[in-house]
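# Structural overview
Spelled out from the first residue to the last, the chains are:
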Amino acid sequence: MLPILLFVLSAFPDYQQASKRYLTAKNQYIQYRTSSTRQEAVNKTLTLLLSRNKLILEYLHSLGENSLDAELTSWEQSIKSYDTLTEVNKASLEWENKLERITKVANQARLTILKNNLQVLQDNLANIGTTDKMTTGNAKLYLEKLQFSETKRNLVVLDTNDWSYENYLSYLKESRDALSSASQILHEATTRP
């Protein structure tokens, strides 16, 4: 599943409840193998699929991402009337085929948020950090750290087909570390009472 504390989203309790009901219905079907337990398992599976879709849509919205709204909403509308095992299995596979794109979009949104937060931090450091109170060596190092941080952030270009979440995350970590070093230099340069 996507890395976030999903339980803080409002759709999580519904998903959690649907998951429990699905497992109960599945186990009853495995145990009794009747047509009524099979239909109950199908119904609970469909409810689980719809709850999961709502949870993922809310998750993406929490990241400020809505590029998959139409596709996921359309999928949801198309499966609401499904009532056979074959149809529900097909719906599940269709959704799983979307998971790679969902993950990519969510990762891009998280990277954008991190990149923007680091930019705000750098802007704040630049606004309060005056090199005139620093030694020449510290001023040069401070400016180098700011430049290095910006360079690493600029390597994160999400609109290409050839990108790696792990690579870009490592660039942002390097950017963060450089900003941390710059803030330490700035802190050491400030006069204390």
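Parameters at a glance
Note on numbering: residues in each chain are counted from 1, in written sequence order. Predicted model: local features are reported for residues with pLDDT of at least 70 only, side-chain atom pairs are reported and counted for 80 or more only, and whole-chain, interface and lining totals are derived from all residues. Heavy atoms throughout the structure, all of them, feed into the side-chain values; hydrogens and water do not. Counting from the N terminus, the helices are DSSP H or I runs at least four residues long and the strands are E runs at least two residues long. Only protein chains enter the accessibility calculation, which uses a 1.4 Å probe; a residue is then buried when its area is under 20% of its type maximum, exposed when over 50%, and partly exposed in between. Pairs of N or O atoms are called polar contacts if they sit within 3.5 Å, as long as, within protein, a hydrogen donor faces a hydrogen acceptor (for residues adjacent in sequence, only side-chain-to-side-chain pairs). Residue contacts follow a heavy-atom distance rule, with two residues in contact if any of their heavy atoms lie within 4.5 Å. Salt bridges are defined by distance alone: a side-chain nitrogen of Lys or Arg within 4 Å of a carboxyl oxygen of Asp or Glu.

### Digging into the side chain of Gln122
Along the polypeptide, Gln122 turns up in helix H4 (residues 85-128). Here Gln122 falls in the buried class, since its relative accessible area comes to 6%. Looking at Gln122, its side chain comes within polar contact range of the main-chain oxygen of Leu146, at 2.9 Å. Beyond its immediate sequence surroundings of up to four residues, Gln122 is in contact with Leu146, Ser149, Glu150, Arg153 and Leu179.

### Quick word on the environment of Tyr82
Relative to the helices and strands, Tyr82 is located in the loop between helix H3 (69-79) and H4. Sequence-wise, Tyr82 and Val120 are 38 residues apart; in three dimensions their C-alpha atoms are separated by 48 Å. Setting aside its immediate chain neighbours within four residues, Tyr82 contacts Leu46, Glu87, Val88, Lys90 and Ala91.

### Some details on the pattern of salt bridges
Once their charged atoms are close, side chains differing in charge can pair, the charge on each being opposite to the other. This structure, assessed with the given rule, holds 7 salt bridges. A salt bridge links Lys98 to Glu71, with the nearest nitrogen and oxygen atoms 3.2 Å apart. With Lys98 in helix H4 and Glu71 in helix H3, this pair connects stretches of sequence that are 27 residues apart. Of the residues examined, Lys98 reaches a relative accessible area of 14% and is grouped as buried. Among the salt bridges present, the one from Glu174 reaches Lys152, with a minimum N-O distance of 3.3 Å. Pair noted here: Glu174 is in helix H6 (residues 165-189) and Lys152 is in helix H5 (residues 136-154), with a separation of 22 residues, a long-range link.

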